Amino acid sequence: MNVQRRLLPSISALAAFEAVARLGTFTAAARELDLTQGAVSRQIRLLEGQFGRQLFLRDSRNVRLSTAGEIYAEAVRAALGQLRDAALGLMSNRHSGILNLAILPTFGTRWLMPLIPDFVENNPDITINFVTRIGRFDFSRERLDAAIHYGLPDWPGADSTLLVRETVLPVVSPEFLAGRAIATPADIGRLPLLHMATRPGAWTEWFEHQGLGAPTGPGMQFEQFGTASQACMAGLGVALLPQVLISGEFQRGQLVPAPGRPMQSRSAYYLVVPHDKRGHPPVASFRDWLLSHVPPEK
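Keep in mind that what you see is a predicted model, and the values were worked out from it rather than measured.

Peer 1: Looking at this structure, how should I read the pairing of strand β6 (residues 158–172)?
Peer 2: Regular strands have side chains that alternate between both faces of the sheet. Across nine bridges, the pairing between β6 and strand β11 (residues 263–274) is antiparallel. Within β11, the position partnered with T167 by the bridge is Q264. Direction of pairing for β6 relative to strand β9 (residues 238–242): antiparallel, over a ladder of four bridges. Bridging across to β9, V168 finds its partner in P242.

Next up, the structure:
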């Protein structure tokens, strides 16, 4: 029992340690915790005395984590996050728990969000917290349970479940198409091309798919598909966009296909779940529900 108690410091000491580690000063930590600087210092000294290790390196002006402190800070941050999530679940009367989900901006808005009311209706005891992330990240550091990811099924330490394959095609506004002679894929190479910063080689790959060399001229660059589609509708050029994300624009007649064969991307959209979250009930419920809404492959 004495050993167990030694390995379980007080929450107050852990909160003080995490605040100083994150904010970099005892003064800022004291202000955030509504304590005196002396009280925060005492909590840190108690923690260091309990483990017999120096967690911070101090000089007359600065304080910084020691090597041992850096390792411990990462674990403490994750543990406190889990405790906060558990408390939120209890306070919200959410018996099944909370799902912290990372989504891609445009895919999340256009494909996932219209489906979410059905999940909420059928899983009233699960609360989903959404955050936007592009690219890979550290699940444990971010305190996230799952992610909607675009790429390949090779996320280390996680299971990747295929959701939707991506087919891209060149699109323009009807007004842009009407005012120009665009009869073949080669004609597109002479027009202003709109590029995605996250897909730098997409146009080159598409032109190769048509049996053509890629144009070398400059073009506007965008970070999100939503912005690129707006620019395309405004007549600024030709965009290479995923069909799954622009079905609404097609139905409303705001965008139309330009000449050329659609191309299936090498990457696809996946639900990614870290191995230590496989058995988390909200994750399992969300995965099963999501797969029931995935369109069958043609």
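Peer 1: For this particular structure, what's the right way to read helix α11 (residues 202–209)?
Peer 2: For an α-helix the count is 3.6 residues per turn, leaving residues at separations of three or four pointing the same way. Within α11, the full set of buried residues consists of W203, W206 and F207. Burial along α11 is one-sided: seen end-on, the buried residues are contained in an arc of 95°. Residues of α11 that are buried in the fold lie against β6, α10 (185–188), β7 (193–196), β9 and β11. G211, located one to two residues past α11, shows a positive phi value of around 80°.

Peer 1: Would you take a moment to explain helix α3 (residues 26–33) for this structure?
Peer 2: When we look at burial in α3, the residues that qualify are F26, A28, A29 and A30. For α3, the secondary structure elements touched by its buried residues are α2 (11–23), α4 (37–51), β1 (56–58) and β2 (63–65). Backbone geometry just downstream of α3 places D34 in the positive-phi region, at approximately 60°.

What counts, and where the lines are drawn
- Residues numbered from 1 in each chain as written.
- Predicted model: local features only at pLDDT ≥ 70, side-chain atom pairs only at ≥ 80, totals over all residues.
- Heavy atoms only, no water.
- Pairing = 2+ DSSP bridges.
- Helix = DSSP H or I, 4+ residues; strand = E, 2+ residues; numbered from the N terminus.
- Buried < 20%, exposed > 50% of the residue type's maximum accessible area, 1.4 Å probe, protein only.
- Arc of directions from axis to C-beta.
- Contact = heavy atoms within 4.5 Å.

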